[in-house]
Amino acid sequence: MTDVIEAILQRSSEPRLSAPAPSADELARLFECAFRAPDHALLRPWRYLIIEGEGLHALGELYARTGDSEEARDKLRKMPLRAPMVIVGITSPKPHPKVPQIEQSMSTAVGMGYLLLALNEAGYGGMWRTGALAYDSQVKSGLGLAEHESIAGFLYVGSVSSEKPAVPRPIMSELVSSWPAKP
Ligand SMILES: Cc1cc2nc3c(=O)[nH]c(=O)nc-3n(C[C@H](O)[C@H](O)[C@H](O)COP(=O)(O)O)c2cc1C
């Protein structure tokens, strides 16, 4: 097995994260990986926000605005504090006659996947989260998204404090077939 295949097979999402998060130098290298995402017409239809420190509290306040009770708001306020860093992946689609918006969203998703993989390889953990918050107009505008932009996800990032149980993985015959079907 090559190192890259081994790295992919070892990757897993980790929800329990603590400090430290990657340094600025490490992030620069990790984002180089995200920017290797296949990208039809090289539109660069993605951008990212890095949120840490006080920013996480500000993000919590933004989340809390979407709650409809004090209890819900309390819970929402604490959500970004589950990790020392949150990276927001944003699709920023560009008009193009041959590249529909869905392809631009897919390109963002591939970059997010590369970023997660690179994070694992650099010794950190990450977890991709969305939920209603990713599609909420108050959250989007609070983060400075333009009307045409969308949130691909929040990557919670940090050092793994305890590993989650292994996720069962599919086997090839469940999901892969030949076409036309072999008799
Ligand atoms: C677009 C997207 C959104 C996700 N949102 C959530 C989420 O909000 N909450 C959650 O627990 N898992 C979410 N997940 C799933 C986890 O990130 C993770 O992939 C899953 O728990 C399986 O773990 P694994 O990556 O180790 O296979 C999301 C995954 C994707 C691709």
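The structure reproduced in this document is the subject of the present report. These figures come from a predicted structure and were not determined experimentally. (Residues numbered from 1 in each chain as written. Predicted model: local features only at pLDDT ≥ 70, side-chain atom pairs only at ≥ 80, totals over all residues. Heavy atoms only, no water.)

Attention shifts here to the packing of helix H3 (residues 54–64) against helix H4 (residues 70–78). It is the contact of H3 with H4, at a shortest axis distance of 7 Å, that shows an interaxial angle of 150°. Classed by the angle they form, the pair H3 and H4 counts as roughly antiparallel. Seen from above, H3 lies across H4 with right-handed handedness. Taken together, the residues of H4 that come into contact with H3 (itself represented by Gly 60, Glu 61, Tyr 63 and Ala 64) are Arg 73, Leu 76 and Arg 77. Of the residues belonging to the contact of H3 with H4, the class tally is three nonpolar, one polar and three charged. (Axes fitted to C-alpha atoms, helices over the stretch in contact; angles between N-to-C directions. Helix = DSSP H or I, 4+ residues; strand = E, 2+ residues; numbered from the N terminus. Parallel < 35°, antiparallel > 145°, perpendicular 65-115°, else oblique. Left-handed = near helix turned anticlockwise from the far one by under 90°. Contact = heavy atoms within 4.5 Å. Nonpolar A, V, L, I, M, F, W, Y, C, P; charged D, E, K, R; others polar.)

In this section: the site of the ligand. As a structural note, the neighbourhood of the ligand is formed by Arg 11, Ser 12, Ser 13, Met 127, Trp 128, Arg 129, Thr 130, Gly 131, Lys 164, Val 167 and Arg 169. Here Lys 164 contributes a side-chain N or O atom positioned 2.8 Å from an oxygen atom of the ligand. Here Arg 169 contributes a side-chain N or O atom positioned 2.5 Å from an oxygen atom of the ligand. Calculation on the ligand without its partners gives an accessible area of 620 Å², and the protein chains cover 59% of this total. Among the residues making up the shell around the ligand, the classes are represented as three nonpolar, four polar and four charged. (Near = heavy atom within 4 Å. Polar contact = N/O pair within 3.5 Å; in protein donor to acceptor, adjacent residues only side chain to side chain. Areas by Shrake-Rupley, 256 points an atom, 1.4 Å probe, with all protein chains shown as cover.)

Here we take up the pattern of salt bridges. Oppositely charged side chains are able to pair whenever their charged atoms sit close together. In the structure shown here, the tally under the stated rule is seven salt bridges. A salt bridge links Arg 77 to Glu 70; its shortest N-O distance comes to 3.9 Å. Residue classification places Arg 77 among the partly exposed residues on the basis of a relative accessible area of 27%. Exposure remark for Glu 70: the relative accessible area of 46% places this residue in the partly exposed category. Taken together, the shared-partner salt bridges in this structure form one network comprising Glu 61, Glu 70, Arg 73, Asp 74 and Arg 77. (Salt bridge = Lys/Arg side-chain N within 4 Å of Asp/Glu carboxyl O. Buried < 20%, exposed > 50% of the residue type's maximum accessible area, 1.4 Å probe, protein only.)

Before going further, it helps to examine the packing of aromatic side chains. Throughout the structure, instances matching the rule amount to five aromatic pairs. Taking the centre distance of 5.7 Å and the plane angle of 5° together, the rings of Phe 35 and Trp 46 count as stacked. On the criterion of sequence distance, the pair formed by Phe 35 in the loop between helix H2 (24–34) and strand S2 (46–52) and Trp 46 in strand S2 is long-range, its members being eleven residues apart. The exposure class of Phe 35 is partly exposed, given its relative accessible area of 42%. Residue class for Trp 46 comes out buried when judged on its relative accessible area of 9%. Note on Phe 35 and Tyr 48: the rings are 6.4 Å apart at their centroids and 40° apart in plane angle, and the pair reads as tilted. Of the two residues, Phe 35 sits in the loop between H2 and S2 while Tyr 48 sits in strand S2, which places them 13 residues apart along the sequence. Feature note: the residues Phe 31, Phe 35, Trp 46 and Tyr 48 constitute an aromatic cluster, connected by ring pairs. (Phe/Tyr/Trp six-rings, centres within 6.5 Å; stacked < 30°, edge-to-face > 60°.)

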